[in-house]
Amino acid sequence: MATVHLRIGDLVWGKLGRYPPWPGKIVSPPKDLKKPRGKKCHFVKFFGTEDHAWIKVEQLKPYHAHKEEMIKINKGKRFQQAVDAVEDFLKKAKGKEQNSDYKADSKGKKAASKPLKILEEDDEDLSALKDPSEKDLTDSDPEPSTIERLGTGPGSGFKWESSSMKDDPHFHHFLLSQSEKPASSMEPISKRLKIIEEDTGSTSIQAADSTAINGSIIPTDKRIGFLGLGLMGSGIVSNLLKMGHVVTVWNRTAEKCDLFIQEGARLGRTPAEVASMCDITFSCVSDPKAARDLVLGPSGVLQGIRPGKCYIEMSTVDPETITELSQVITSRGGRFLEAPVAGSQQLSNDGMLVILAAGDRTVYEDCSSCFQAMGKTSFFLGEAGNAARMMLILNMVQGSFMATIAEGLTLAQATGQSQQTFLDILCQGQMASTFVDQKCQNILQGNFKPDYYLKHIQKDLRLAISMGDMANHPTPMAAAANEVYKRAKALDQSDNDISAVYRAYIH
């Protein structure tokens, strides 16, 4: 978008990251909210939401001049509601202005000649146009005193108090404690959340509004490090950068860092250097061995850990590995969180992952803006190891399901049935899902480009079966699926998508 000259009170279209342009109004930021360094931007309140954000000036357009253009390219229901809110605001503002003119005329020439105040940089929203005796037409723009900071320390996100907030299905932020209700460290955030007691005795705290759906994420000012730029890590880092986070990257294959350096990331020479330079370091690698080597190996993360440094393990590994990493990190005074993600390369690119977190809850709170940038939902599951257990169970189910779908497709072919018809019927029934449709269509087209590596789902099945053995719990379905994936690996399908398990049935 072209750079425009704007001021407080102007109606605009604001664009942030991957989100579509959204109608908003430039308002004065709260006094204790710092403006992002090195960026010429305005603080925007978005219509139809309770969201606010710093938006770069080049990502802003005047509302009226571009209204028709924006309405043509955006057709969603929420978008239309936002536009309606703008029009309603304009009608009320016009009516209020006319009413003010009438009152001024009735007071004689002296009053009529009083000029209308032009909003300057210091004006608070539209207060200069407001009759002190009347209710403010812009009640949705609260005074700074109604702002409550989420999380702890500088850089945590701001939320606005509102009596009309409703749950947003696009970003629910959950905290699940397996053993206790929110501790005192959660008091600042718990005031903005509704608490749901479950039959299991765990506590679910669900956010009452969204900060991600319209791109209104205020990035933490903590320095972020990221180790591992594979299928999942690449999308995560891209979204962290888009949402304004300061990110330092490292990858075993250094060339993969180049693209992110061009997007504004900094380069770390070793995992130890990244951990030493950054406040919070994430890692996302392939398996337990890689995760251990990254921390414990030469120039590993552990060498860069100092008291207060945070380390977040996003790799899908076994609970024993998580316990080991947690112990060594905390032994150096560091803070540890595990946060494996459920999703695929596409969901990672789209910022729609599901994050399962466990460990140090204060680290989880400090990473709020990061998790909002990379995912649609996050869960806090209590003590370290719980997220690994849950992730393995989820991937066990997904891997077994994919193998069953492949088995059905090949059985249809073997019995003279149309595979496309099988898929059409499947997608009209109770098992219909985007996952089923996309994977099956790719199989029928012979497209096995990896969205989630087959070798990784087989690793997860193996770890889940081992976890079942340790719990003395049978996993016969997973064991059967694991054998099919092992056969697919023997057919050189390891680096293809999980849907390539289909080939194990036709060779």
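In this text, all values refer to a predicted model and were calculated from it rather than measured experimentally.

## Details of the environment of Asn-386
Within the secondary structure, Asn-386 sits in helix 13 (residues 386-414). Taking the C-alpha atoms as reference points, Asn-386 and Asp-318, 68 residues apart in sequence, are found 9.9 Å from one another. Of the polar contacts made by the side chain of Asn-386, one reaches the side chain of Arg-389; its length is 3.2 Å.

## Notes on the pairing of strand 2 (residues 22-26)
Counting buried positions over the five residues of strand 2 gives five, a clear majority of the element. Burial along strand 2 is two-sided: the face carrying Trp-22, Gly-24 and Ile-26 and the face carrying Pro-23 and Lys-25 are both buried. As paired strands, strand 2 and strand 3 (residues 41-46) are joined by three bridges and run antiparallel to one another. Bridged to Ile-26 within strand 3 is Val-44.

## A look at the side chain of His-42
Among the secondary structure elements, His-42 is positioned in strand 3. Taking the relative accessible area as the measure of exposure, His-42 reaches 13% and is therefore buried. Residue contacts for His-42: discarding those within four places in its chain leaves Leu-6, Ile-26, Ala-53, Trp-54, Ile-55, Val-57 and Leu-60.

## Section: unusual backbone geometry
You will see that Ser-299, though not glycine, has its phi angle at about 55°, which is positive. With respect to the helices and strands, the residue Ser-299 is situated in the loop between helix 8 (288-296) and strand 15 (310-313). In the Ramachandran plot, Asn-472 falls in the positive-phi region, its phi being about 55° despite a non-glycine side chain. Mapped onto the elements of the fold, Asn-472 is located in the loop between helix 16 (454-470) and helix 17 (476-490). Taking relative accessible area as the criterion, Asn-472 reaches 71% and is therefore assigned exposed.

## Re the environment of Ala-357
As for its position among the elements, Ala-357 is in strand 18 (residues 353-359). A relative accessible area of 0% means that Ala-357 is categorised as buried. When near neighbours in sequence (up to four residues on either side) are disregarded, Ala-357 contacts Leu-337, Glu-338, Ala-339, Tyr-364, Phe-379, Phe-380, Leu-381, Gly-382 and Ala-387.

## Remarks on the sheet that holds strand 3
The five strands are arranged 4-3-2-1-5 in an open sheet whose pairing can be described as antiparallel. Two strands close off the open sheet at either side, each with one partner strand: strand 4 (52-56) and strand 5 (60-62). For this sheet, the mean inter-axis angle between neighbouring strands, taken without regard to orientation, is 45°.

## Describing the nonpolar core
Ranked by internal contacts, the top residues of the largest apolar core, which has 56 residues, are Phe-226, Leu-240, Phe-282, Ile-312, Met-314, Phe-371 and Met-374. What Ile-312 contacts, discounting residues up to four positions off in sequence, is Ile-280, Thr-281, Phe-282, Ser-283, Leu-337, Ala-339, Val-363 and Cys-367. Membership of the second largest hydrophobic core comes to 31 residues, among which are Leu-392, Leu-454, Ala-478 and Tyr-502.

## Here we look at the pairing of strand 1 (residues 11-14)
Of the two faces of strand 1, the one carrying Leu-11 and Trp-13 and the one carrying Val-12 and Gly-14 are both buried. Here strand 1 pairs with strand 2 via four bridges, running antiparallel. The residue of strand 2 that forms the bridge with Val-12 is Gly-24. Where strand 1 lies against strand 5, three bridges are found, and the strand directions are antiparallel. Counted as the bridge partner of Val-12 is Pro-62 from strand 5.

## With respect to the packing of aromatic side chains
Tallying each qualifying case throughout the model produces 11 aromatic pairs. Residues Phe-47 and Phe-89 carry aromatic rings whose centres are separated by 5.8 Å and whose planes lie at 55° to one another, so their mutual orientation is tilted. Here Phe-89 lies in helix 2 (residues 77-106) and Phe-47 lies in the loop between strand 3 and strand 4, a separation of 42 residues in the sequence. With respect to class, Phe-47 is no different from Phe-89; both count as buried. Aromatic side chains Phe-282 and Phe-371 sit 6.3 Å apart centroid to centroid with 80° between the ring planes, which places their arrangement in the edge-to-face category. Taken as a pair, Phe-282 in strand 14 (residues 280-283) and Phe-371 in helix 12 (residues 368-374) lie far apart in primary sequence, 89 residues in all.

Cut-offs applied
- Sequence order as written defines residue numbering, which begins from 1 separately in each chain.
- With the structure being a predicted model, the display of local features is reserved for residues of pLDDT at least 70 and the display and counting of side-chain atom pairs for 80 or more, all residues being used for whole-chain, interface and lining totals.
- Hydrogens and water are ignored here; the side-chain numbers use all heavy atoms of the structure.
- Secondary structure elements are defined from DSSP: runs of H or I of at least 4 residues count as helices, runs of E of at least 2 residues count as strands, and each element is numbered from the N terminus.
- Any pair of N or O atoms that falls within 3.5 Å is considered a polar contact. Within protein, one atom must be able to donate a hydrogen and the other to accept it, and sequence-neighbouring residues count only if both atoms are side-chain atoms.
- Accessible area is worked out with a 1.4 Å probe on protein chains only. A residue is then buried under 20% of its type maximum, exposed over 50%, and partly exposed in between.
- Two strands pair under a simple rule: DSSP has to find at least two bridges between them.
- Contact definition: two residues touch when any of their heavy atoms are within 4.5 Å.
- All axes are obtained by fitting lines to C-alpha atoms, using only the stretch in contact for helices, and the reported angles, taken between N-to-C directions, cover 0 to 180 degrees.
- In plain words, nonpolar cores are sets of buried Ala, Val, Leu, Ile, Met, Phe, Trp, Tyr and Cys residues tied together by side-chain atoms within 4.5 Å.
- Ring geometry is summarised as follows: Phe, Tyr and Trp rings, the Trp one being its six-membered ring, pair when their centres sit within 6.5 Å, and such pairs are stacked at plane angles under 30 degrees, edge-to-face over 60 and tilted between the two.

Keep in mind that these numbers describe shape and distance, not what the molecule does.
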